[in-house]
Amino acid sequence: MARMPSAERRRQLVEAAIRAMTRDGVAKTTTRSICAEAGVSLSVFHYCFDSKQALLEAAIETITGNYVARVMSAVEPGATLRETVRGALQTYWDHVTAHPGEHMLTYDLTQYALREPGFEHLARAQYEQYVASAAALVEQVRGVRGLEPRVPVEVIARYLAAAIDGLTLQFLVLGDERAAADHLDLTADQLVGLIEG
């Protein structure tokens, strides 16, 4: 096995965990199956992570961080605030429709963490990260447009995180792309109202 820095090994294991959990579900994915997916020994896992809990936390951070980076890199000042907001929402949504399994995994991770004793804090951390990510996005949109929201950013961020979470789950269940587009339009309109007043 080639020597690799521990940060790179951690990244390799997290990516393998995401693939394995997306395919098999969180409850059925073991540290052994993650190691097999990554092509490393179990001792490498124990060198990189103290527990499966630590790996799940890293997976949640990685998934959410990837979404946020993708959306924030796409925030461009449109002709209007509405176009700017709708474009950012569409960037996220394009990932939902292209990778539904990864988005299903986020709900599986939440349910697993809530049901598994000692893992409950992971679900809270996951949703706190969603809100923090939404706040960063609102701040970036606000900065790009040079606006001061009439509603506190924290309130807008909690609304945005809840709206996107619900819309994503509804789409994963129903698969209705037209309804999803309509809801994204409505969410964009509501965000503009909260930001512009």
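What you see is a predicted model, and the numbers here were worked out from it, not measured in a lab.

Notes on the overall build of the protein chain
1) Next: Secondary structure summary: the protein chain contains nine helices and zero strands in total.
2) Next: If you line up the protein chain on its principal axes, its C-alpha atoms span 55 × 35 × 30 Å.
3) Next: Residues classed as buried in the protein chain amount to 43% of the 197 residues present.
4) Next: Considering only intrachain contacts with a sequence separation of at least 6, the fraction spanning at least 24 residues in the protein chain is 69%.
5) Next: Surface summary for the protein chain: the accessible area is close to 10,000 Å², and the carbon and sulfur share equals 54%.
6) Next: Looking at the protein chain, you have 19 positive and 25 negative side-chain charges, and the mean spots of the two groups are 6 Å apart.

Brief notes about the packing of aromatic side chains
1) Next: Applying the stated rule across the entire model yields six aromatic pairs.
2) Next: A centroid spacing of 6.4 Å and a plane angle of 55 degrees characterise the contact between Y92 and W93, whose relative ring orientation is tilted. The same class applies to Y92 and to W93, which are both buried.
3) Next: Seen from their ring centres, Y127 and Y130 are 4.8 Å apart, and the 65 degrees between their planes marks the pair as edge-to-face. Here the residue Y127 and the residue Y130 both occupy positions in helix α7 (residues 120–145), the gap between them amounting to three residues, near one helical turn.
4) Next: Looking at Y130, the relative accessible area reads 15%, which means it is buried.
5) Next: Of the aromatic side chains, those joined through ring pairs into one cluster are Y67, Y92, W93 and F171.

Focus on the packing of helix α1 (residues 6–24) against helix α6 (residues 100–115)
1) Next: For the pair α1 and α6, interaxial distance at closest approach is 9 Å and the crossing angle is 90 degrees. Put simply, α1 runs roughly perpendicular to α6. Note on element contacts: α6 touches α1 through G101, E102, L105 and L109, opposite I18, M21 and T22.
2) Next: Classifying every residue of the contact of α1 with α6 gives four nonpolar, two polar and one charged.

Description of α7
An α-helical turn contains 3.6 residues, so a residue and the one three or four places further along point in the same direction.
1) Next: In a regular helix each residue adds 1.5 Å, so 26 residues correspond to 38 Å; α7 covers 38 Å between its end C-alpha atoms and thus fits that length.
2) Next: Of the positions making up α7, those classed as buried are L122, A123, Q126, Q129, Y130, V131, S133, A134, A135, L137, V138 and V141.
3) Next: Phi turns positive, to about 65 degrees, at G146, one or two residues after α7.

Some words on helix α2 (residues 31–38)
1) Next: Three or more residues of α2 are buried, namely I34, C35 and A38. Seen end-on, α2 carries its buried residues on one side only, within an arc spanning 100 degrees. Of the exposed residues in α2, the ones pointing more than 90 degrees away from its buried face are R32 and A36.
2) Next: Close packing links the buried residues of α2 with α1, α3 (42–48) and α4 (52–73).
3) Next: Following α2 by one or two positions, G39 adopts a phi angle in the positive range, close to 75 degrees.

How each quantity is defined
Residues numbered from 1 in each chain as written. Predicted model: local features only at pLDDT ≥ 70, side-chain atom pairs only at ≥ 80, totals over all residues. Heavy atoms only, no water. Helix = DSSP H or I, 4+ residues; strand = E, 2+ residues; numbered from the N terminus. Buried < 20%, exposed > 50% of the residue type's maximum accessible area, 1.4 Å probe, protein only. Contact = heavy atoms within 4.5 Å. Areas by Shrake-Rupley, 256 points an atom, 1.4 Å probe, with all protein chains shown as cover. Lys, Arg positive; Asp, Glu negative; His and termini not counted. Charge placed at Lys NZ, Arg CZ, Asp CG, Glu CD. Phe/Tyr/Trp six-rings, centres within 6.5 Å; stacked < 30°, edge-to-face > 60°. Axes fitted to C-alpha atoms, helices over the stretch in contact; angles between N-to-C directions. Parallel < 35°, antiparallel > 145°, perpendicular 65-115°, else oblique. Nonpolar A, V, L, I, M, F, W, Y, C, P; charged D, E, K, R; others polar. Expected span 1.5 Å × (residues − 1). Arc of directions from axis to C-beta.

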